[in-house]
Amino acid sequence: MFASSRPTVRRRALAAAGTAAVLAVTLAACGSSSDSPSMPGMDHGAKSSASSSASASSSMGDMPGMDHMADGNGLTDNKDGYRLTSKDTTLAGGKQAAYRFAVTGPDGKPVTAFALDQAKRMHFYAVRSDLTGFQHVHPTMAADGAWTTDLDTLAPGSWRMFASFTPDSGAGKGTSFVLSRTVTVPGTATKTPLPAAAKTADVDGYTVTVKGEPMAGMEHPLTVTVTKDGKPVTDLQPYLDTYAHLTAFHEGDTAFAHLHPTTKVNGDHGGPELSFNAELPTSGNWRLFLQFQTGGKLHTAAVTLNVG
């Protein structure tokens, strides 16, 4: 009996020694991360997108908007059996236009059960290809699952229509999706160059300042400060269960990213600083649209952020 157990003992000893060696190598690598040129941003305490998402969901589960994080960049009309459908391929310019669409599930039938996400069952974005046009609206759904949204006047050119939603039944229950389709607005389209990257933007007498240097594919914090006439603004009102809604679109392909707020709402006195988790998947210029509300009026500030 003793003789037959010796190989097992040796194997266990070798396994323990191997584990110790791997642990030592791992600790050594962590301690030298600041010297590794192939891991930009790691010296700032950043984690990979997979690990950071896991830690964020466990430590920020009670933060507004953190319970629904959509995967992907939104540049497709179907994912995991869910499809964004619409007969509208063109929309008239020079006046308000109605866009009609539906979301079908893996069974091919219209989805009619949607979970609330930041106070709404559907967030809809219309974004012009050069990022000079942006609308964020909340459509209405008929009993048969047909959605309709009214859009303000659209400039001629190509527009991408994004639908952000979370099914509340079926195979995708609890999973957030962002799907999109394109439409054309007839007329002479003039492409406007994207404004240069900047830390500040002015809107309706307010100045918005963005602090943070996110790296592509990694989660980083962003801080937004709102001031007016050089003084801190502290009367931000709740908007969509938070004090500000922040969405980003990538220059060139209009890829979508929702930057998740981590500032808790506490009455009608938000500001001046607001915190967000930013995970922008690719490098380049991103156009950020910050929406906040004061005195019952919604303001939308746009700023260009360069991501390395």
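Structure first, text after, so check above.
The shown structure was predicted, so the numbers you read here are calculated from the model rather than taken from an experiment.

## Observations concerning the overall build of the protein chain
Now for step 1: Across its full length, the protein chain holds 2 helices and 18 strands.
Now for step 2: Across the 308 residues of the protein chain, 41% fall into the buried class.
Now for step 3: Carbon and sulfur atoms make up 53% of the accessible area of the protein chain, which amounts to about 15500 Å² in all.

## Brief notes about the sheet that holds strand 9 (residues 177-185)
Now for step 1: Pairing is antiparallel in the open sheet, where 4 strands are placed in the order 5-4-8-9. The outermost strands of the open sheet, each flanked by one partner alone, are strand 5 (134-137) and strand 9. Between one strand and the next, the sheet's axes are offset by a mean angle of 15°, whatever the strand orientation.
Now for step 2: Pairing of strand 4 (residues 123-128) with strand 5 involves 4 bridges; the strand directions are antiparallel.

## Quick notes on the nonpolar core
Now for step 1: Leu 259, Leu 288 and Phe 292 are the most contacted members of the largest nonpolar core, which has 29 residues in total.
Now for step 2: Listed by contribution, the elements that provide at least two residues to this core are strand 10 (200-203), strand 11 (206-211), strand 12 (219-228), strand 14 (245-250), strand 15 (256-261), strand 16 (273-279), strand 17 (284-294) and strand 18 (297-307).

## Description of the pairing of strand 14
Moving residue by residue along a regular strand, the side chains alternate between the two faces of the sheet.
Now for step 1: Of all 6 residues in strand 14, 6 are buried; the element is thus mostly enclosed.
Now for step 2: Taking every second residue as pointing to the same face, both faces of strand 14 are buried, with His 245, Thr 247 and Phe 249 on one and Leu 246, Ala 248 and His 250 on the other.
Now for step 3: Two strands pair when backbone bridges link them, and strand 14 and strand 17 are joined in this way by 6 bridges, in the antiparallel orientation. Note on strand 17: the bridge partner recorded for Leu 246 is Leu 290.

## Some remarks on the packing of aromatic side chains
Now for step 1: In total, this model carries 18 aromatic pairs according to the counting rule given.
Now for step 2: For the pair Tyr 82 and Phe 177, a centre-to-centre distance of 4.8 Å together with 40° between the ring planes defines the contact as tilted. Taken as a pair, Tyr 82 in strand 2 (residues 82-85) and Phe 177 in strand 9 lie far apart in primary sequence, 95 residues in all. Phe 177 matches Tyr 82 in its accessibility class, with the two residues each being buried.
Now for step 3: Members of the aromatic cluster, each reached through a chain of ring pairs, are Tyr 82, Tyr 99, Phe 101, Phe 114, Phe 124, Trp 147, Phe 165 and Phe 177.

## Some thoughts on the pattern of salt bridges
Now for step 1: As enumerated under the stated definition, the model contains 3 salt bridges in all.
Now for step 2: A salt bridge links Asp 77 to Arg 83; the nearest nitrogen and oxygen atoms lie 3.7 Å apart.
Now for step 3: Classification of Arg 83 as partly exposed rests on a relative accessible area of 38%.
Now for step 4: In this structure, Arg 181 and Asp 77 form a salt bridge, with 3.3 Å as the shortest nitrogen-oxygen distance. Placement of the pair is Arg 181 in strand 9 and Asp 77 in the loop between helix 2 (49-59) and strand 1 (78-79), with a sequence separation of 104 residues.
Now for step 5: On the basis of relative accessibility, which here comes to 23%, the residue Arg 181 falls in the partly exposed class.

## Description of unusual backbone geometry
Now for step 1: In this model, Gly 271 is joined to Pro 272 through a cis peptide bond whose omega is 0°.
Now for step 2: A positive phi angle, close to 75°, is found at Ala 119, a residue other than glycine.
Now for step 3: Look at Ala 119 and you get partly exposed, because its relative accessible area is 38%.

## Some remarks on the environment of Gly 270
Now for step 1: With respect to the helices and strands, Gly 270 occurs in the loop between strand 15 and strand 16.
Now for step 2: Using a relative accessible area of 2% as the deciding quantity, one classes Gly 270 as buried.
Now for step 3: Residues Gly 270 and Val 226, spaced 44 residues apart in sequence, show a C-alpha to C-alpha distance of 9.9 Å.
Now for step 4: For Gly 270, the residues in contact, after removing those within four places along its chain, are Val 233, Thr 234, Asp 235, Leu 236 and Tyr 243.

## Considering the environment of Gly 157
Now for step 1: Mapped onto the secondary structure, Gly 157 falls in strand 8 (residues 157-165).
Now for step 2: Leaving out residues up to four positions away in the same chain, Gly 157 has contacts with Arg 128, Val 183, Thr 184, Val 185 and Ala 189.

Criteria and thresholds
- Residues numbered from 1 in each chain as written.
- Predicted model: local features only at pLDDT ≥ 70, side-chain atom pairs only at ≥ 80, totals over all residues.
- Heavy atoms only, no water.
- Helix = DSSP H or I, 4+ residues; strand = E, 2+ residues; numbered from the N terminus.
- Buried < 20%, exposed > 50% of the residue type's maximum accessible area, 1.4 Å probe, protein only.
- Areas by Shrake-Rupley, 256 points an atom, 1.4 Å probe, with all protein chains shown as cover.
- Pairing = 2+ DSSP bridges.
- Axes fitted to C-alpha atoms, helices over the stretch in contact; angles between N-to-C directions.
- Core = buried A, V, L, I, M, F, W, Y, C linked by side-chain atoms within 4.5 Å.
- Phe/Tyr/Trp six-rings, centres within 6.5 Å; stacked < 30°, edge-to-face > 60°.
- Salt bridge = Lys/Arg side-chain N within 4 Å of Asp/Glu carboxyl O.
- Contact = heavy atoms within 4.5 Å.

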